[in-house]
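# Observations on the model geometry
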Amino acid sequence: MGWTLAEKVWDDHVVRRAEGEPDLLFIDLHLLHEVTSPQAFDGLRQNARPVRRLDLTIATEDHNTPTIDIDKPIADPVSRAQLETLRKNCAEFGVRLHPLGDVEQGVVHVVGPQLGLTQPGTTVVCGDSHTSTHGAFGALAFGIGTSQVEHVLATQTLPLARPKTMAITVEGELPDGVTAKDLILAIIAKIGTGGGQGYILEYRGSAVENLSMEARMTICNMSIEAGARAGMIAPDRTTFDYLQGRDHAPQGADWDAAVAYWQTLRTDDDAVFDAEVFINASELSPFVTWGTNPGQGAPLSANVPDPASYEDASERLAAENALEYMGLTAGQALRDINVDTVFVGSCTNGRIEDLRAAAEILDGRKVARGVRMLVVPGSVRVALQAVEEGLNKVFTEAGAEWRHAGCSMCLGMNPDQLAPGERSASTSNRNFEGRQGKGGRTHLVSPQVAAATAVLGHLASPADLSDADARTPAGAR
Amino acid sequence: MEAFTTHTGRAVPLRRSNVDTDQIIPAHWLKKVTRDGFEDGLFEAWRKDDAFVLNRPERKGATVLVAGPDFGTGSSREHAVWALQNYGFKTVISSRFADIFRGNSLKNGLLTVVLPQETVERLWQLTETDPTAEITVDLVAREVRADGITAEFELDENARWRLLEGLDDISLTLQNEADIAAYEASRPAFKPRTIQA
Ligand code: SF4
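All values derive from a computational prediction rather than experimental measurement.

### Observations regarding the overall build of chain B
A count of helical and extended segments in chain B gives eight helices and seven strands. Projected onto the principal axes, the alpha-carbon positions of chain B cover approximately 65 × 40 × 25 Å. Counting all 197 residues of chain B, 57% fall into the buried class. Of the roughly 8000 Å² that chain B leaves accessible, carbon and sulfur atoms contribute 48%. Computing the positive centroid from 24 side-chain charges and the negative centroid from 31, chain B places the two 4 Å apart.

What follows is the structure in structure tokens.
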């Protein structure tokens with residue numbers, strides 16, 4: 001019997017295997033940020049342990065960083081102290097760091113791939129659940145807790161039990177205007193927030209193969225929202241083309257050797273997954289969430305569901321709680337939901353293609369009166385590229401705010417937050433209660449839906465926009 | 001890590017599913033750089049409501065959390081485990097835990113016990129009817145006991161041994177230094193490096 005992609009990558013990293021024990025896995029790349037690392041460095045210090053492999057470790061600042069006035073001292077003393085702690089720890093232990101103001105700074109899951117550090121067949125970990133993003137390259141990538149961060153710093157390995165494997169096969173063509181974000185939201189709604197628990201997901205099928213690298217990252221990013229340990233996509237020409245020439249991609253003979261290896265990283269035809277899910281891409285449409293977990297979503301054309309329609313008691317209760325928190329009524333059309341804020345950014349949808357997609361819709365249009373729109377590039381590199389293409393101008397002319405790179409309103413650890421009761425359409429990955437600010441209400445959407453929503457002031461897709469929404473004729477700017 | 005053998009205490013019945021780590025400890029608490037002092041952040045938003053179960057006087061000093069399915073979903077923040085422990089919880093019972101949360105809890109000596117939802121339901125009913133009712137979580141016998149309820153639970157042998165002994169993972173792994181060094185020596189040259197050696 002053949003092997004799945006996940007099994008192949010796992011097996012290539014086993015340092016030690018013994019009966020009755022978890023496998024000891026070697027970690028190829030360890031990404032650090034300011035929030036989940038301080039207690040890990042403390043642990044090293046207490047035990048007088050060094051960082052074992054500085055050459056496989058890299059840090060950036062993202063969760064706490066402000067997105068305006070970045071040249072001024074950070075106002076919040078606690079945020080400032082946390083960033084200063086990271087700087088101090090990296091200096092003391094010798095870890096490469098890209099701090100605020102550096103050209104390689106940004107959300108950790110945007111930075112790794114764009115440097116070419118995330119490569120097929122590698123193991124990637126970070127003290128952050130959205131590490132699953134890197135699985136888009138055919139890497140085995142998962143989020144870890146702070147104790148494990150310390151473990152990897154000290155040993156470059158992790159003892160882990162191998163999860164089961166689940167194939168998510170998406171065949172057919174995504175209809176016009178339907179994006180990777182809609183696809184992953186639909187997958188999570190189908191299998192539930194616990195549906196992937198204990199599994200490594202492999203996204204496959206023609207619809208997945210046709211996606212760009214950035215769209216693949218959007219999908220793998222949200223694997224954790226289905227409860228999965230990791231999500232993966234087999235590397236192919238698209239992957240190799242994305243990597244070639246990047247700072248840390250292999251070169252010369254190494255490149256050829258790497259590609260030869262990467263080409264073996266496919267699930268064998270006779271491999272068997274522990275579970276399988278099939279999705280027909282052509283049946284999908286723009287998808288939004290109405291509740292307080294990412295599995296509580298529906299097509300934009302649908303209505304807010306009636307909790308009474310759930311057979312399962314705990315789902316019913318969860319839906320009731322969600323509607324109350326979200327201030328929604330069963331049966332209300334999703335398109336009738338007005339928003340106060342639109343956020344485009346995060347490690348899910350803060351890459352250049354996402355900004356291009358939002359800008360294309362906003363070009364020549366205006367953000368609706370009373371709506372605040374924040375555009376936060378995922379990294380400084382993304383920001384520079386957007387400026388080169390003039391996207392920042394499109395955003396500001398439409399009335400949106402163009403900000404500096406970071407996590408920003410994805411989790412509101414910096415000043416970018418929703419006020420209590422405020423409602424957002426957000427391209428991020430979590431709609432948990434209070435995630436974007438205490439009492440804030442979040443609807444997860446694609447960048448395209450975010451932009452159309454900003455123009456109309458209520459949840460909408462680009463197809464809802466008429467020429468009349470273009471206040472200034474195209475090309476007249 | 002503190003060893004866990006058996007624990008008996010009163011319970012907090014938390015009738016909610018999908019309790020994500022943003023609810024357990026909101027993001028603004030994550031700016032702290034220590035492992036302690038998180039108790040006031042535990043379930044912070046819900047605790048604003050006097051009727052919230054944790055605020056009830058009869059739940060004061062409870063050490064066993066009995067939660068709905070899919071507890072600990074979302075962010076990988078270990079702060080969620082620290083917050084539960086700082087508050088005084090020794091063990092959490094649920095029919096399903098998120099993977100990362102479960103891993104984090106076991107690494108810190110917070111025992112997460114998986115029981116069928118019917119048993120969780122019975123524990124809820126018992127402890128809601130009688131707030132003084134005690135629950136025993138016995139890792140030696142792999143059993144949860146309460147008035148009229150005895151339920152076995154599973155935990156993989158290795159994790160159980162480490163908890164019972166209170167063993168530190170890093171020291172255990174470092175005993176395999178020779179294996180790690182051998183693996184490192186065999187890695188292909190094309191693998192990425194963050195800095196040139
Ligand atoms: S952008 Fe959001 S999800 Fe991504 S790392 Fe930052 S806080 Fe986490």
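### Side note on the sheet that holds strand S16 (residues 372–375) of chain A
Residues and elements named next belong to chain A. If you trace the five strands from one edge of the open sheet to the other, you get S17-S16-S15-S18-S19, paired in parallel fashion. The open sheet has two edge strands with one neighbour each: strand S17 (401–402) and strand S19 (441–444). In this sheet, strand S18 (residues 423–426) lies alongside strand S15 (residues 341–344) in parallel orientation, the contact comprising three bridges. Bridge pairing links Val-342 to Ala-425 in S18.

### Section: the sheet that holds strand S6 (residues 123–126) of chain A
Residues and elements named next belong to chain A. Overall, parallel pairing links the five strands, which are arranged S5-S4-S3-S6-S7 in an open sheet. Looking at the sheet topology across the chains shown, the edges are occupied by strand S5 (96–98) and strand S7 (140–143). For this sheet, the mean angle separating the axes of adjacent strands, direction not counted, is 20°. Across four bridges, the pairing between S6 and S7 is parallel. Considered in S7, the bridge of Val-125 is made with Phe-142. Across the sheet, helix H5 (residues 146–155) lies against strand S3 (29–32), strand S4 (57–60) and S6, angled at about 130° from S3, the strand it touches most.

### Topic: the packing of aromatic side chains
Each aromatic ring pair is described using two quantities: the centre-to-centre distance and the angle formed by the ring planes. Enumeration according to the criterion identifies 15 aromatic pairs over all chains in this entry. Between the aromatic rings of A:Phe137 and A:Tyr242, the centroid separation amounts to 5.4 Å while the plane-to-plane angle is 65°, which identifies the pairing as edge-to-face. In this pair, A:Phe137 sits in the loop between S6 and S7 while A:Tyr242 sits in helix H9 (residues 237–243), placing the two residues 105 residues apart along the sequence. A relative accessible area of 0% means that A:Phe137 is categorised as buried. Consider the rings of B:Phe97 and B:Phe101, whose centres lie 6.2 Å apart with planes at 15°: the pair is stacked. Accessibility classification places B:Phe97 together with B:Phe101 in one group, the buried group. A connected cluster of aromatic rings, assembled from ring pairs, spans A:Phe240, A:Trp255 and A:Trp262. Taking NZ or CZ as reference, B:Arg16 lies 4.0 Å from the ring centre of B:Trp46, over its face.

### Re the nonpolar core
Counting 82 residues, the largest nonpolar core has B:Phe43, B:Phe71, B:Leu84 and B:Phe101 as the members making the most contacts within it. Once you skip the residues sitting within four places of it in the chain, B:Phe71 turns out to touch B:Leu14, B:Val19, B:Ile24, B:Phe43, B:Leu65, B:Leu84, B:Val92, B:Ser94, B:Arg96, B:Phe97, B:Ala98 and B:Phe101. In this structure, A:Leu183, A:Ala215, A:Phe240 and A:Ile279 belong to the second largest nonpolar core, which totals 81 residues.

### Overview of the interface of chain B and chain A
At the interface, 58 residues of chain B touch 77 residues of chain A. Taken together, both faces of the contact between chain B and chain A bury some 5500 Å²; the carbon and sulfur share is 52%. Area buried by chain B at its contact with chain A is led by B:Lys31, B:Phe190 and B:Thr194, which between them contribute 15% of it. Taken together, the connections running from chain B to chain A amount to eleven salt bridges. With a shortest N-O distance of 2.6 Å, A:Asp76 and B:Lys31 are connected by a salt bridge. Counting the contacts that link chain B with chain A gives 36 residue pairs in polar contact (both at pLDDT 80 or more). Elements with a minimum of two residues in the side of chain B that touches chain A: helix H1 (21–24), helix H2 (44–47), helix H3 (79–87), helix H4 (99–107), helix H7 (169–174) and helix H8 (177–185) of chain B. The element that contributes the greatest number of residues to the side of chain B that touches chain A is H8(B), accounting for six residues. Counted by class, the side of chain B that touches chain A contains 18 nonpolar, 17 polar and 23 charged residues.

### Regarding the packing of helix H13 (residues 352–362) of chain A against helix H15 (residues 391–398) of chain A
Residue and element names in this part refer to chain A. Where H13 contacts H15, the two axes come as close as 9 Å, and the packing angle between them is 45°. When the axis of H13 is compared with that of H15, the two are oblique. When the axes of H13 and H15 are compared, the crossing they make is left-handed. Counting all contacts with H13, which are made through Ile-352, Leu-355, Arg-356, Ala-358, Ala-359 and Leu-362, the residues of H15 involved are Leu-391, Val-394, Phe-395 and Ala-398. Grouping the amino acids of the contact of H13 with H15 by side-chain chemistry returns nine nonpolar, no polar and one charged.

### Digging into the confidence of the model for chain A
Any region with low pLDDT has predicted coordinates that should not be read closely. Of the residues in chain A, 98% reach a pLDDT of 70 or more, and the chain-wide mean stands at 96. The low-confidence segment residues 471–477 of chain A, where pLDDT is below 50, has eight contacts with residues more than four positions distant or belonging to other chains.

### Some words on the packing of helix H6 (residues 180–191) of chain A against helix H8 (residues 213–221) of chain A
Helix packing for two helices is described by the angle between their axes and how far apart those axes are. Residue and element names in this part refer to chain A. Contact geometry of H6 with H8 gives a least axis separation of 9 Å together with a crossing angle of 20°. The angle between H6 and H8 places the two elements in the roughly parallel class. For the element pair H6 and H8, the recorded crossing hand is right-handed. Across the interface between the two elements, Ala-180, Lys-181, Leu-183 and Ile-184 of H6 pack against Ala-215, Thr-218 and Ile-219 of H8. Of the residues assigned to the contact of H6 with H8, the class counts are five nonpolar, one polar and one charged.

### Considerations on the confidence of the model for chain B
Overall, the predicted model of chain B reaches an average pLDDT of 95, with 99% of residues at or above 70. Our summary of model confidence lists the complex with pTM equal to 0.94 and ipTM equal to 0.93.

### Side note on the pattern of salt bridges
Within this structure, the stated rule accounts for 43 salt bridges over all chains. Here B:Arg35 makes a salt bridge to A:Glu150, at a shortest N to O gap of 3.7 Å. In this pair, B:Arg35 is assigned in the loop between H1 and H2 and A:Glu150 in helix H5, connecting two distinct chains. Under the relative-accessibility criterion, A:Glu150 is labelled buried at 9%. A salt bridge links A:Arg435 to B:Asp22; the nearest nitrogen and oxygen atoms lie 3.2 Å apart.

Criteria and thresholds
- Residues numbered from 1 in each chain as written.
- Chains lettered and ligands numbered in written order.
- Predicted model: local features only at pLDDT ≥ 70, side-chain atom pairs only at ≥ 80, totals over all residues.
- Heavy atoms only, no water.
- Helix = DSSP H or I, 4+ residues; strand = E, 2+ residues; numbered from the N terminus.
- Buried < 20%, exposed > 50% of the residue type's maximum accessible area, 1.4 Å probe, protein only.
- Areas by Shrake-Rupley, 256 points an atom, 1.4 Å probe, with all protein chains shown as cover.
- Lys, Arg positive; Asp, Glu negative; His and termini not counted.
- Charge placed at Lys NZ, Arg CZ, Asp CG, Glu CD.
- Pairing = 2+ DSSP bridges.
- Axes fitted to C-alpha atoms, helices over the stretch in contact; angles between N-to-C directions.
- Contact = heavy atoms within 4.5 Å.
- Phe/Tyr/Trp six-rings, centres within 6.5 Å; stacked < 30°, edge-to-face > 60°.
- Lys NZ or Arg CZ within 6 Å of the ring centre and 35° of its normal.
- Core = buried A, V, L, I, M, F, W, Y, C linked by side-chain atoms within 4.5 Å.
- Buried area = accessible area lost by both parts, 1.4 Å probe.
- Salt bridge = Lys/Arg side-chain N within 4 Å of Asp/Glu carboxyl O.
- Polar contact = N/O pair within 3.5 Å; in protein donor to acceptor, adjacent residues only side chain to side chain.
- Nonpolar A, V, L, I, M, F, W, Y, C, P; charged D, E, K, R; others polar.
- Parallel < 35°, antiparallel > 145°, perpendicular 65-115°, else oblique.
- Left-handed = near helix turned anticlockwise from the far one by under 90°.
- pLDDT = per-residue confidence, 0-100.

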